[in-house]
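Fold and contact review
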Amino acid sequence: MVAQVIDGKAFAAKVRAQVADQVAKLKEENGITPGLAVVLVGEDPASQVYVRSKGKMTVEVGMNSYEHKLDVDTSEEDLLALVDKLNNDPAVHGILVQLPLPKHLNEDLVINSIDPAKDVDGFHISNVGLLGTGQKSMVPCTPLGCLMMLRDHHGSLSGMDAVVIGRSNIVGKPMAQLLLGDSCTVTIAHSRTKDLPDVVRRADIVVAAVGRPEMVPGDWIKEGATVIDVGINRIERDGKNKLVGDVDYASAAERAGAITPVPGGVGPMTIACLLANTLTACCRVNGLPEPEGLTA
Ligand code: NDP
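Residues numbered from 1 in each chain as written. Predicted model: local features only at pLDDT ≥ 70, side-chain atom pairs only at ≥ 80, totals over all residues. Heavy atoms only, no water.

This part covers the overall build of the protein. Of regular secondary structure, the protein possesses ten helices and eleven strands. Against the globule reference of 19 Å for 296 residues, the protein gives a C-alpha radius of gyration of 19 Å, in line with a compact fold. Counting over 296 residues, the protein shows a buried share of 47%. Contacts in the protein between residues far apart in sequence, at least 24 positions, make up 68% of those at least 6 positions apart. Counting every atom, the protein has about 13900 Å² of accessible surface; 50% of that belongs to carbon and sulfur. (Helix = DSSP H or I, 4+ residues; strand = E, 2+ residues; numbered from the N terminus. Rg over C-alpha atoms; globule rule 2.2 N^0.38 Å. Buried < 20%, exposed > 50% of the residue type's maximum accessible area, 1.4 Å probe, protein only. Contact = heavy atoms within 4.5 Å. Areas by Shrake-Rupley, 256 points an atom, 1.4 Å probe, with all protein chains shown as cover.)

In structure tokens:
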């Protein structure tokens, strides 16, 4: 079997176009422009790239983008004061504090100081609890993007066996909650899982979120399974820098029914879902219907 490639780049462009349509409608019919504030502390090069591209895409879909760049030695008090200001700013519907924060800042404290209704990353403890109990929440962007691609490919996920490899708070755990919410039978695997190949071989859906280059070989994949590769790993091969996932794409594509590539799979969906979440937050706070197909 040769797997169908799930084109995350094209899917993300479709989601952004949907968001842009809704934003135009909001402006025309309600005079509201959704606004996303991104806070970056310090000068981590990867974070700077993400923040730049988030700002650019926010403007491209017609939203207002507010960037706050703070010095690496910003105090916790000053950062919390900024978050408080953004919480109380009616022009700001979504707030994202770019992680990781410098070591002297308490990430949990900062994230939990964001108004949960504006927490477009979905990391606030209230949103984690709401998702875990199947209530309306802000859903973390990367798992939301994976869910959208899976729903698009399969229609219903009900009754499918899903394995999520990785149990982080930002990807693995919320991914498992979302799959459970769509009535999959979910296994969460991690570094202590016994006989991981056997666990993965049983799965109709494999979501790999580990951070180890090409760790999952093709012969772990059940014939016809759908593989969502969240991993982004920079490696050097043949003297060149390359991005690879957590799955060995070439061998997995020979057995899977469908697979996301790296790059061009999950990655582009993450920012698209951030924009979708900002739109959702804006609709909710204004008592307007939520955009269809853009939430869990
Ligand atoms: P973390 O490092 O927080 O979590 C990694 C998880 O993988 C842990 O739960 C760990 O288990 C598990 N793990 C590590 N080694 C093994 C192993 N040998 N077998 C099974 N499980 C193992 O990573 P993140 O969740 O933050 O990110 C995962 C990957 O996804 C990274 O490559 C990251 O770059 C990428 N990513 C991509 C995004 C995108 O937009 N596409 C967004 C976010 C992340 P344990 O808990 O036992 O230690």
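Attention shifts here to the packing of helix 6 (residues 141–154) against helix 10 (residues 266–285). One way to put it is that helix 6 packs onto helix 10 with a least axis distance of 8 Å and a crossing angle of 105 degrees. Classified by the interaxial angle, the pair formed by helix 6 and helix 10 is roughly perpendicular. Judged by residue contacts, Cys141, Thr142, Leu144, Gly145, Cys146, Met148 and Met149 of helix 6 engage Val266, Met269, Thr270, Cys273, Leu274 and Asn277 from helix 10. Of the residues belonging to the contact of helix 6 with helix 10, the class tally is nine nonpolar, four polar and no charged. (Axes fitted to C-alpha atoms, helices over the stretch in contact; angles between N-to-C directions. Parallel < 35°, antiparallel > 145°, perpendicular 65-115°, else oblique. Nonpolar A, V, L, I, M, F, W, Y, C, P; charged D, E, K, R; others polar.)

Neighbouring residues of the ligand: 22 residues in total, closest Arg167, Ser168, Ser191, Ile232 and Thr270. Side-chain polar atom of threonine 270 to an oxygen atom of the ligand: 2.8 Å apart, as the coordinates give it. Relative to its free-state accessible area of 930 Å², the ligand is covered by the protein chains to the extent of 70%. The element best represented in the shell around the ligand is helix 10, accounting for three residues. (Near = heavy atom within 4 Å. Polar contact = N/O pair within 3.5 Å; in protein donor to acceptor, adjacent residues only side chain to side chain.)

Strand order in the open sheet formed by three strands is 3-2-4, with parallel pairing between adjacent strands. Edge strands, defined here as strands with exactly one partner in the open sheet, are strand 3 (64–70) and strand 4 (94–97). Averaged over all pairs of adjacent strands, the angle between their axes in this sheet comes to 15 degrees, without regard to strand direction. Two elements, strand 2 (residues 35–41) and strand 3, share seven bridges in a ladder whose sense is parallel. Of the residues in strand 3, the one forming a bridge with valine 38 is glutamate 67. Relative to strand 3, helix 2 (residues 45–60) is tilted by about 160 degrees, and along the sheet it contacts strand 2, strand 3 and strand 4. (Pairing = 2+ DSSP bridges.)

This paragraph deals with unusual backbone geometry. With an omega of 0 degrees, the peptide bond between leucine 99 and proline 100 qualifies as cis. With respect to the helices and strands, the residue proline 100 is situated in the loop between strand 4 and helix 4 (107–111). Look at the link from valine 262 to proline 263: it is a cis peptide, with omega at 0 degrees. Counting through the fold element by element, proline 263 comes out in the loop between strand 11 (258–259) and helix 10. If you check the backbone angles, aspartate 195 has positive phi at about 50 degrees while not being a glycine. Under the relative-accessibility criterion, aspartate 195 is labelled partly exposed at 48%. Positioned with a positive phi, glutamate 214 is a non-glycine residue whose angle comes to about 50 degrees. Relative to the helices and strands, glutamate 214 is located in the loop between strand 7 (205–208) and strand 8 (226–229). Taking the relative accessible area as the measure of exposure, glutamate 214 reaches 24% and is therefore partly exposed.

Take glutamate 77: it is sitting in helix 3 (residues 76–87). The class of glutamate 77 is exposed, set by a relative accessible area of 64%. Sequence-wise, glutamate 77 and valine 210 are 133 residues apart; in three dimensions their C-alpha atoms are separated by 34 Å.

Next up on the list: the pattern of salt bridges. A side chain with one charge can pair with a side chain of the opposite charge if their charged atoms come near. A complete count under the given rule lists nine salt bridges for this structure. Arginine 202 serves as the salt-bridge partner of aspartate 198, at 3.3 Å between the closest nitrogen and oxygen. By sharing partners, the salt bridges in this structure join Lys136, Arg284 and Glu290 into a single network. (Salt bridge = Lys/Arg side-chain N within 4 Å of Asp/Glu carboxyl O.)

On to the domain arrangement of the protein. Each assigned domain of the protein is listed with its residue range as follows: domain 1 (30–115) and domain 2 (141–268). The C-alpha centroid of domain 2 is placed 29 Å from the C-alpha centroid of domain 1. (Domains from an automatic or database assignment.)

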